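Structure at a glance
Spelled out from the first residue to the last, the chains are:
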Amino acid sequence: MDPFPLLETGIWRALETYSNVHRGSGHYSMVTTELFEKAREIVLSYLKLPVKGYTVIFCTPYRAKAFIKQLDPGTWKELSALSIGLSLGVNAVAVERAALKKIKLFHTGGGTTKLISKEWIIWADAPDKFEAGTPAVINIIAFARALKMMYTGGKELFKTAEPGKMSVQEILYNDALIQQQEKDLFLYLRETMIGQGVQVPTLGGTKPFINFDNSASTQAFLPAWDAFRNTLKQPADVQKAVVEEVKSICSRVLGAPGEVYDITFTSNTTEAINFAAQSFGNTHPASVVVNTLLEHSSNEIPWRMLPGQKLIRLSVSPEGFPDLKELEVLLKEYNTEQKFGNQQIKLVSVTAASNVLGVCPDLEAICSLAHQYGAEVMVDAAQMVAHRKVEMQAWGIDYLAFSGHKVYAPFGCGVLISRKGKLNFKEQELQLIRSSGEENAAGIAALGKSLLLLEKVGMERIHEEETALHKLLLQRLATVQGLKIYGIQSADLPGFENKVGVVVFNPGGLMPSKAAKELAFRAGIGVRHGCHCAHIIMKHILGVGPFLEQFQRLIQHLFPKFRFLGLVRVSLGIGNTAEEIEILAKTMDEIIRSKTEKQYRLSPEQKSEIKRLMGQFEAERAEKVYKISE
C-alpha cells in the first residue's frame, strides 16, 4: 500500500492553517505553533524518552552534526527524516535538558534571543536558542506525522513504497499555468493559495481568515505544494536532477548567471547568512563589517559574533534609508586613508527591504561604493524576492540570501548565492553544508516552482498590484484616530516608491499585543506584534535611550517572560485584497475607540468565549493533522 496519500492528507491540513510559529497573533499562528510543539512530543514518544527530562531540537543535517559534537555520550539520541526514507532535510536531536546548559551557539539570528542592544544580548531559552531562523515547520510536521504512521505501518513504511517515477519536466513545468496570461495567473494564484477562505471563529461568528503577516511567512501556492509532494516520493536520481534544475531557475530569476555565481541551499535565510559569516571569518579573521540600524537579527548577530571582527552600523534617515554619504566616509577613512591602521572594511551587509519599515536601500549604489573601495556586499533579500525584481550581477551583489517560506513555498528551503569560489570552507565541510541543504529536495522543488510562477506573472505586475494595496493601506490607517504610523506615512511622501508593503504602527496607546489579539478576536485577522527580530531599529524609531534600555535589561532578568512591546506590523502579499484592508481599518478603529467608548468594549464574557472558541479551533485543527485513522 502506498503510504504517501495518507501522509499528504496531514501535510495539506497543516498548510490550510500555516503561519509562522510562536510570534504571530492570529488563529493560524496558534495552530501552527501547536503542531510544531506537538512534533517534539511525537519524536520523544517514538524514541521512548520522557517529556519531562528531554527536549527536541530540530536541525538541518549540518546543524545536527555541529550540535551533537558538543554533547556528552548518553545524553542524546538523533533521528533523521532521511533514516525513515523521507528527504525532508530534517534531523531531530532529543537531548537531556540539563545537557543544554554548556552548549555554545554556532548559528544565531532570528528567534535565538529575548532582547538585544548594540552592546549586549539576552539569549532565548532552549529549544528556541538553538533553532535559528524560521524552522522548516511543514517539513517537521510531515516528519512527525510519518513517525505516527510508522507505529502501525512499520519502520520500513516509506523505504519500501514505490510511487510512480516522474521527470523534472513533469514536476516543474508541465501544467496549465504556463498557458495562462499574466493577469489571469495573478488572480488564479491569489484564489488558489492554500489557506485562503478557511473559516475561523470570531466574535461576529465564523469569518474567512485574513493574513496580514506575509513578512513573517507566506501561505503556499497550490502548484508549489504539488511540486513538493511529487518530489518527496521520487527516487534519489530524480531528486538530484530537480535540485540542479532549481539552481538554474534561481540563477535566471535573480539575475545570477551560473558561470558567475554558486548556489547553496540551506534551511532558511538565517542559516544562509550564518554560512556567509563563517566563510567571511575564515577569509578575513580581523577586519570590519558595515551594516545598518535596519537589520533583522539574522543579518546582525552573526556578524557581531565573529571573533576578531568589528561591526559598524550605518545610521538611517527618519524614513529609514541608510546614509550612503556616511558609508562613503567610512570606506574612505578605513580603506584609503587608513586612519585605523590595518583595519579595513571588507564587507557591507545590508537588507534589501526592511521587515519593520519596508524601505529598500539603493543596492546598486551601495555595491558601487563598496567595490570602489575594495569591499564586498552581502544582501539579506528575505523581504525582497517575492515583491521586487532582483538583478544580482547587474547591481554588483556578491552574496545574497533568501527563504522559500517568504516566497509562497513554506517547505524549509533557504538559498545562499555567492560569487564562484568565494565560500571559504574546507572541502569536506563545504560538501556537508551543500548536501545538508540539498537533502530537502522536495522543499527545493517547491521554491523552484514558486519562482517560476512569480517570473511568469512578472515582478512588475506584482509590484503594481501590491503598490496599489500599499497606498490604500496607508490611506485607510491614516483615518483611524489615535493610530500612529512609523516611517513613510503616505504614498505622497518621498521614498514611497522605494518601499514594500510593510507598515508598523502604535495602536492608539494600546499595548500592541492587546490590539493584535483583538484583531483576531473581532475579525479573524492575523498580524504580528513586538520587535519583529529587529530590536535595534525598533528601539531607534521608538526613541528608547540608554537608560530605558538598561531598565529593560533589568526587567528581562527579573521577569524572564517579559518581551519588548514594540509595534503592530501589517505586511502585504499576493493573497491580500482591498476588501481586507477595509476590514482591518474598520476593526482597528473599533479597537482604539474601545478605550473611551463603552459600546466598542469587549466584556469579560465575550473575551472568555472567543478564547474558548479559538482554543477549540486550534485543538481540532491540530488533531486533524496528526490523526492517522480516516
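Anyway, here's the lowdown on the structure attached to this text. Small disclaimer: the values here were computed from a predicted structure and weren't measured.

**A look at the sheet that holds strand E16 (residues 483–485)**
- Reading across from one edge, E16-E17-E20-E19 is the order of the four strands in this open sheet, with antiparallel pairing throughout. The strands lining the two open edges of the sheet, one partner per strand, are E16 and strand E19 (528–530). Ignoring strand direction, the axes of neighbouring strands in this sheet form an average angle of 30°.
- Bridge count between E19 and strand E20 (residues 567–571): three bridges; the pairing is antiparallel. The residue bridging His-529 from the neighbouring strand is Val-568, located in E20.
- Relative to the sheet, helix H20 (residues 578–593) contacts E16, strand E17 (502–507) and E20, its axis offset from that of E17 by approximately 20°.

**Here we look at the pattern of salt bridges**
- By the definition in use, this model includes 35 salt bridges.
- Across the salt bridge formed by Glu-300 and Arg-304, the nearest N and O atoms sit 3.2 Å from each other. For the pair Glu-300 and Arg-304, one class covers both residues: buried.

**Some thoughts on the environment of Leu-473**
- Among the structural elements, Leu-473 can be located in helix H16 (residues 459–478).
- The spatial distance from the C-alpha of Leu-473 to the C-alpha of Glu-259 is 42 Å, given a sequence separation of 214 residues.

**Let's talk about the sheet that holds strand E13 (residues 376–380)**
- The strand order across the open sheet built from seven strands is E9-E15-E14-E13-E12-E10-E11, with neighbouring strands paired in mixed fashion. The open sheet has two edge strands with one neighbour each: strand E9 (261–266) and strand E11 (310–314). Averaged over all pairs of adjacent strands, the angle between strand axes in this sheet comes to 20°, irrespective of strand direction.
- The pairing of strand E14 (residues 399–403) with strand E15 (residues 414–419) spans five bridges and is antiparallel. Bridge pairing links Phe-402 to Val-415 in E15.
- Across the sheet, helix H11 (residues 324–336) is in contact with strand E10 (288–292), E11 and strand E12 (345–351); its angle to E11 comes to roughly 150°.

**Structural notes on the packing of aromatic side chains**
- Enumeration according to the criterion identifies 14 aromatic pairs in this entry.
- Between the aromatic rings of Phe-280 and Trp-303, the centroid separation amounts to 6.0 Å while the plane-to-plane angle is 80°, which identifies the pairing as edge-to-face. Linking Phe-280 in helix H9 (residues 269–283) with Trp-303 in helix H10 (residues 301–304), this pair joins segments that are 23 residues apart in sequence.
- Pairwise contacts between aromatic rings join Trp-12, Trp-225, Phe-228 and Phe-411 into one cluster.
- Directly above the ring of Phe-340 sits Lys-310, whose terminal nitrogen or CZ lies 5.2 Å from the centroid.

**Description of helix H17 (residues 512–523)**
- With twelve residues, H17 extends 16 Å between its outermost C-alpha atoms, agreeing within 8% with the 16 Å of an ideal straight helix rising 1.5 Å per residue.
- Within H17, the full set of buried residues consists of Pro-512, Ser-513, Ala-515, Ala-516, Glu-518, Leu-519, Ala-520, Phe-521, Arg-522 and Ala-523.
- One or two positions beyond H17, positive phi appears at Gly-524, with a value near 65°.

Cut-offs applied
- Counting restarts for each chain, with residues numbered from 1 along the sequence as it is written.
- Local features are withheld for residues below a pLDDT of 70 in this predicted model, meaning they are given only at 70 or higher, and side-chain atom pairs are given and counted only at 80 or more; totals for whole chains, interfaces and linings count all residues.
- Only hydrogens and water are removed before side-chain values are computed, so all heavy atoms of the structure are retained for them.
- Pairing between strands requires that DSSP locate at least two bridges from one strand to the other.
- Under the DSSP-based scheme used, a helix requires at least four consecutive residues in state H or I and a strand at least two consecutive residues in state E, with every element numbered from the N terminus.
- Whenever a helix is involved, its axis is fitted only over the stretch in contact; in every case the axis is a line through C-alpha atoms, and angles between N-to-C directions fall within 0 to 180 degrees.
- Whether two residues are in contact is decided by their heavy atoms, any of which lying within 4.5 Å being enough.
- Each salt bridge in this description consists of a side-chain nitrogen of Lys or Arg and a carboxyl oxygen of Asp or Glu lying within 4 Å of one another.
- For every residue, the accessible area obtained with a 1.4 Å probe (protein chains only) is divided by the maximum for its type, and the residue is called buried under 20%, exposed over 50%, and partly exposed between those limits.
- Aromatic contacts are taken between Phe, Tyr and Trp rings whose centres are within 6.5 Å, Trp giving its six-membered ring; a plane angle under 30 degrees counts as stacked, one over 60 as edge-to-face, and the others as tilted.
- In this scheme, the term charge over a ring applies when either NZ of a lysine or CZ of an arginine sits within 6 Å of the ring centre and within 35 degrees of the ring normal.
- Each helix should span, by expectation, one fewer than its residue count multiplied by 1.5 Å.

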